[in-house]
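# A structural walkthrough
This is what each chain is made of:
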Amino acid sequence: HERYLFSAQQKTCCVCSTQFDLQYAFQQSVVDNAARYFCTTACRDRELNQSVPRAGQMHRIAVLNQKGGTGKTTTSVNVAAGLAEAGHKTLLIDLDAQGNVAVSLGLNTPKTVADVLLGTAEPADCIVPVSPNLDALTSSNALAQAEVQLVQMRDRHKVLKHRMRNVNQYDYVVMDCGPSLSVLNQNALVYADHILIPVSCDYLSLFGVRQILKTLKQVNDILLHPVSILGVVPTFFDVRTKISVEAVQTLQAYFKDRVLPPIRVNTRLKEAPSHKKTIFEFASDSHGAEDYR
C-alpha cells in the first residue's frame, strides 16, 4: 500500500485545490468507486463534516431540537411532503409520544412505531401510505411505555437501526424527534445519517442549539456513529422584528452556509394541520409552502 501511495502522481485536494504528493492513507478516500483526495486531516475532516446525501442511496434525516416549540413536527411533515412532491420516495417516522404527525395528517393506524421498537410487528405491517411517494410510521401514547422497556434492552441505542434494517426501498427517511434527550432520540441519531435542526428565532432557542451540539458529539464519540449537520432551519421568522434578524445572523456566524433560508411566520402553516393536510395540499401558493420547498 505504501509503494502504491508513493508511486502515485501529484493529487489535487478536493477541498482547497492544493497540489500535493500522496503519502498517507488518510489522504485518499474512495466512495462509490470514486476517489477523493485531501492534503491535510483538516481538509478531510471539513469534507466529512460537510457531507451531503449522494444520489442512489437512502438518506436518513433526524429533525431534532431538544427545545420544544421550534416547529419540529411542521418541519418534518412538510420537508417529507416536499421531497415526495419532488418525486422522491419518502418515509416519515414519528418518534414523539405526542403523536403529532398522525394528528397533522389525519392518520389512525392500529400499529405504530412502538410495535416496531418492541419487535411485536414488522415495519412493513406498521407503515401506511399518506400520498403519492409519501408513507408514514406514526406514534401514539404507547411509545412512552415502549421507551421504558427500551431502556432495559441490550444495545438500547441501536434498536431502531436494527428493527429498520430491511427497510431500504425509500430515497429519504425523515424522523420527527421529541423535545428531549431521550433514548428514543438517541436511537434516532444512531439510525440517522444527518440531522436537520429547526431553531425558532428567539434567544432561548439559540441557547438550546449548544445542547444539541453536545448531544451530537456524544453520539459521534461514544456511540461511534458519524452524524453530520445537514442544515439549520430558522423558523417563525418575522422580518419586522429585530430579534428574528439577529437570530439568523447569530446562526450564520456559527453555522456558516449550513443555515438554510428561514421559514417565515405564516398563518397557513398553523391552519394546515387542522385540515389534516400538508402545506402543499392546503395552500400550495402560500409563503409557508414556498419556504419549505
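To start, this report covers the structure provided alongside it. Predicted model, so just to flag it, every value in this text is computed and none were measured. (Residues numbered from 1 in each chain as written. Predicted model: local features only at pLDDT ≥ 70, side-chain atom pairs only at ≥ 80, totals over all residues. Heavy atoms only, no water.)

### Some remarks on helix H3 (residues 72-85)
- The end-to-end C-alpha separation of H3 is 20 Å, in line with the 20 Å expected for 14 residues at 1.5 Å each.
- Most of H3 is tucked away, with twelve of its 14 residues classed as buried.
- Positive backbone phi, at 100 degrees, marks glycine 87, one or two positions downstream of H3. (Helix = DSSP H or I, 4+ residues; strand = E, 2+ residues; numbered from the N terminus. Expected span 1.5 Å × (residues − 1). Buried < 20%, exposed > 50% of the residue type's maximum accessible area, 1.4 Å probe, protein only.)

### Thoughts on the sheet that holds strand E11 (residues 228-235)
- Spatial strand order, E7-E8-E6-E9-E5-E10-E11: seven strands in an open sheet with mixed pairing. The strands lining the two open edges of the sheet, one partner per strand, are strand E7 (128-131) and E11. Neighbouring strand axes in the sheet, compared pairwise and without regard to direction, differ in orientation by 25 degrees on average.
- Looking at chain direction, strand E5 (residues 59-63) and strand E9 (residues 172-177) are connected through five bridges and run parallel. (Pairing = 2+ DSSP bridges. Axes fitted to C-alpha atoms, helices over the stretch in contact; angles between N-to-C directions.)

### Details of the packing of aromatic side chains
- Inspection of every chain in the model, using the stated rule, returns two aromatic pairs.
- Ring centres 5.8 Å apart and planes at 5 degrees place the aromatic pair tyrosine 24 and phenylalanine 26 in the stacked group.
- Tyrosine 24 gets classed as partly exposed once you look at its relative accessible area, which sits at 46%.
- Look at tyrosine 254 and phenylalanine 255: their rings are 4.9 Å apart centre to centre, the planes differ by 75 degrees, and that puts the pair in the edge-to-face class.
- Judged by relative accessible area, which is 57%, tyrosine 254 ranks as exposed.
- A relative accessible area of 8% means that phenylalanine 255 is categorised as buried.
- Between arginine 60 and the ring centre of tyrosine 191, over which it is positioned, the NZ or CZ distance is 5.1 Å. (Phe/Tyr/Trp six-rings, centres within 6.5 Å; stacked < 30°, edge-to-face > 60°. Lys NZ or Arg CZ within 6 Å of the ring centre and 35° of its normal.)

### What about the pairing of strand E10 (residues 194-200)?
- For E10, a buried count of seven out of seven residues is recorded, marking the element as mostly surrounded by other parts of the structure.
- What you see with E10 is no split at all: His194, Leu196, Pro198 and Ser200 on one side and Ile195, Ile197 and Val199 on the other are buried throughout.
- Across three bridges, the pairing between E5 and E10 is parallel. Paired with isoleucine 61 across the bridge in E10 is histidine 194.
- In this sheet, E11 lies alongside E10 in parallel orientation, the contact comprising seven bridges. Counted as the bridge partner of proline 198 is valine 233 from E11.

### Some details on the nonpolar core
- Among the nonpolar cores identified, the biggest contains 48 residues, and Leu91, Ile93, Leu137, Met164, Met175 and Ile195 are the most heavily contacted of them.
- Take this core: its biggest share by element is five residues, from helix H9 (residues 183-191).
- The contacts of methionine 164, once residues within four sequence positions are left out, are Leu91, Ile93, Val116, Pro123, Leu137 and Tyr191. (Core = buried A, V, L, I, M, F, W, Y, C linked by side-chain atoms within 4.5 Å. Contact = heavy atoms within 4.5 Å.)

### As for the packing of helix H7 (residues 142-151) against H9
- Contact pair H7 / H9: the axes reach a minimum separation of 9 Å and the direction vectors enclose 75 degrees. When the axis of H7 is compared with that of H9, the two are roughly perpendicular. Packed against H7, whose contacting residues are Leu143, Glu147, Leu150 and Val151, the element H9 presents Val183, Leu184 and Asn187 at the interface.
- Each residue belonging to the contact of H7 with H9 can be placed in one class, and the counts come to five nonpolar, one polar and one charged. (Parallel < 35°, antiparallel > 145°, perpendicular 65-115°, else oblique. Nonpolar A, V, L, I, M, F, W, Y, C, P; charged D, E, K, R; others polar.)

### Quick notes on unusual backbone geometry
- Of note in this structure, asparagine 133 is not a glycine but carries a positive phi near 75 degrees.
- With respect to the secondary-structure elements, asparagine 133 resides in the loop between E7 and strand E8 (134-137).

### Examining the pattern of salt bridges
- Evaluated as defined, the whole model comprises eight salt bridges.
- For glutamate 290, the salt bridge goes to arginine 264, with nearest N and O atoms at 3.6 Å. Residue glutamate 290 is found in helix H14 (residues 287-292), and its partner arginine 264 is found in the loop between helix H11 (242-255) and helix H12 (267-271); the two are separated by 26 residues along the sequence.
- Among the charged side chains, a network of salt bridges with common partners joins Arg264, Glu290 and Asp291. (Salt bridge = Lys/Arg side-chain N within 4 Å of Asp/Glu carboxyl O.)

### Here's the deal with the environment of serine 274
- One can find serine 274 in the loop between H12 and helix H13 (279-282).
- A relative accessible area of 54% places serine 274 in the exposed class.

### Digging into the environment of valine 167
- Within the secondary structure, valine 167 is located in the loop between helix H8 (159-163) and E9.
- The residues touching valine 167, leaving out its near neighbours within four places in the chain, are Met58, Leu91 and Pro123.

Limitation: the analysis is restricted to geometry and does not speak to function.
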